[in-house]
Amino acid sequence: MSIVGRNLMEPEPTLLPAEPEVDQALEAGSEAVDVVADHPTSSLLWALLAEDALSEGHTVEGYAYARVGYHRGLDALRGSGWRGAGPVPWSHAPNRGFLRALAALGQAAAAIGESEEVVRITQLLRDCDPAAEQEISQLRR
């Protein structure tokens with residue numbers, strides 16, 4: 001990797017480990033609600049539950065699912081060396097569950113009027129990966 005144009009003070013990107021059992025279950029057609037009890041640490045599953053709940057107008061449930069996914073993601077990030085700052089790139093597929101849970105938490109927080117939380121979450125999502133918001137909005141179409 002070239003250091004030209006790179007901020008040498010910024011930490012290296014954090015790359016979460018893959019979840020092959022979760023991926024296989026989802027690819028086989030299982031619903032997140034049927035898989036999450038076997039994989040409760042998966043941010044992706046909690047994010048999917050949050051997105052589904054929010055799309056069906058279940059704001060409080062969506063908020064709760066997103067909050068769990070966010071916290072499970074923070075645990076995983078810290079376990080992977082993240083110190084509360086630095087890139088969490090969308091381009092690394094295993095990071096997407098955390099980023100999606102974070103975006104869903106922001107959406108749910110906005111829906112219940114938690115404006116200060118929305119600001120914090122939006123900034124964290126942008127700090128993790130400025131492209132993540134657009135990538136996530138593409139998934140919702």
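Data block above holds the structure.
Residues numbered from 1 in each chain as written. Predicted model: local features only at pLDDT ≥ 70, side-chain atom pairs only at ≥ 80, totals over all residues. Heavy atoms only, no water.

We now examine the packing of aromatic side chains. A complete count under the given rule lists 2 aromatic pairs for this structure. Centre to centre, the rings of Tyr70 and Phe98 are 6.2 Å apart; their planes meet at 20°, and the pair counts as stacked. One end of the pair, Tyr70, is in helix 4 (residues 59-79); the other, Phe98, is in helix 5 (residues 96-111), with 28 residues separating them in the sequence. Judged by its relative accessible area of 0%, Phe98 falls in the buried class. (Phe/Tyr/Trp six-rings, centres within 6.5 Å; stacked < 30°, edge-to-face > 60°. Helix = DSSP H or I, 4+ residues; strand = E, 2+ residues; numbered from the N terminus. Buried < 20%, exposed > 50% of the residue type's maximum accessible area, 1.4 Å probe, protein only.)

So, on to the pattern of salt bridges. One pass over the structure, following the stated rule, counts 3 salt bridges. Among the ionic pairs, Arg100 bridges to Glu51, the shortest N-O distance being 2.5 Å. You can see Arg100 sitting in helix 5 and its partner Glu51 sitting in helix 3 (residues 43-55), a full 49 residues away along the chain. Glu117 is the salt-bridge partner of Arg67, the closest N and O atoms lying 2.0 Å from each other. Of this pair, Arg67 sits in helix 4 while Glu117 is found in helix 6 (residues 115-128), placing the two residues 50 residues apart along the sequence. (Salt bridge = Lys/Arg side-chain N within 4 Å of Asp/Glu carboxyl O.)

Before going further, it helps to spend a moment on the layout of surface pockets. Approximately 370 Å³ is the volume attributed to the largest pocket. Broken down by secondary-structure element, the contributors of at least two residues to the lining of the largest pocket are helix 1 (20-27), helix 3, helix 4 and helix 5. A total of 4 residues in the lining of the largest pocket trace back to one element, the largest contributor, which is helix 5. Residues of the lining of the largest pocket, tallied by class, amount to 11 nonpolar, 5 polar and 5 charged. Roughly 150 Å³ of internal volume is contained in the second largest pocket. Taken together, Ala103, Gly106, Gln107, Val118, Ile121, Thr122, Leu125, Glu133, Ile136, Ser137 and Arg140 make up the full set of residues lining the second largest pocket. Every element with two or more residues in the lining of the second largest pocket is listed here: helix 5, helix 6 and helix 7 (132-139). Considering each element in turn, the lining of the second largest pocket owes the most residues, 4 residues, to helix 6. (1 Å grid on protein atoms, 1.4 Å probe; cavity = no way out; pocket = protein on both sides within 12 Å on 5 of 7 lines; lining within 4 Å. Points joined across faces, edges and corners; volume = space filled by probe spheres on them. Nonpolar A, V, L, I, M, F, W, Y, C, P; charged D, E, K, R; others polar.)

Moving on, we come to the side chain of Thr14. By the element assignment, Thr14 lies in the segment before helix 1. Sequence-distant contacts of Thr14, defined by excluding residues within four places in its chain, comprise Leu77, Ser80, Trp82, Pro87, Val88, Pro89 and Asn95. (Contact = heavy atoms within 4.5 Å.)

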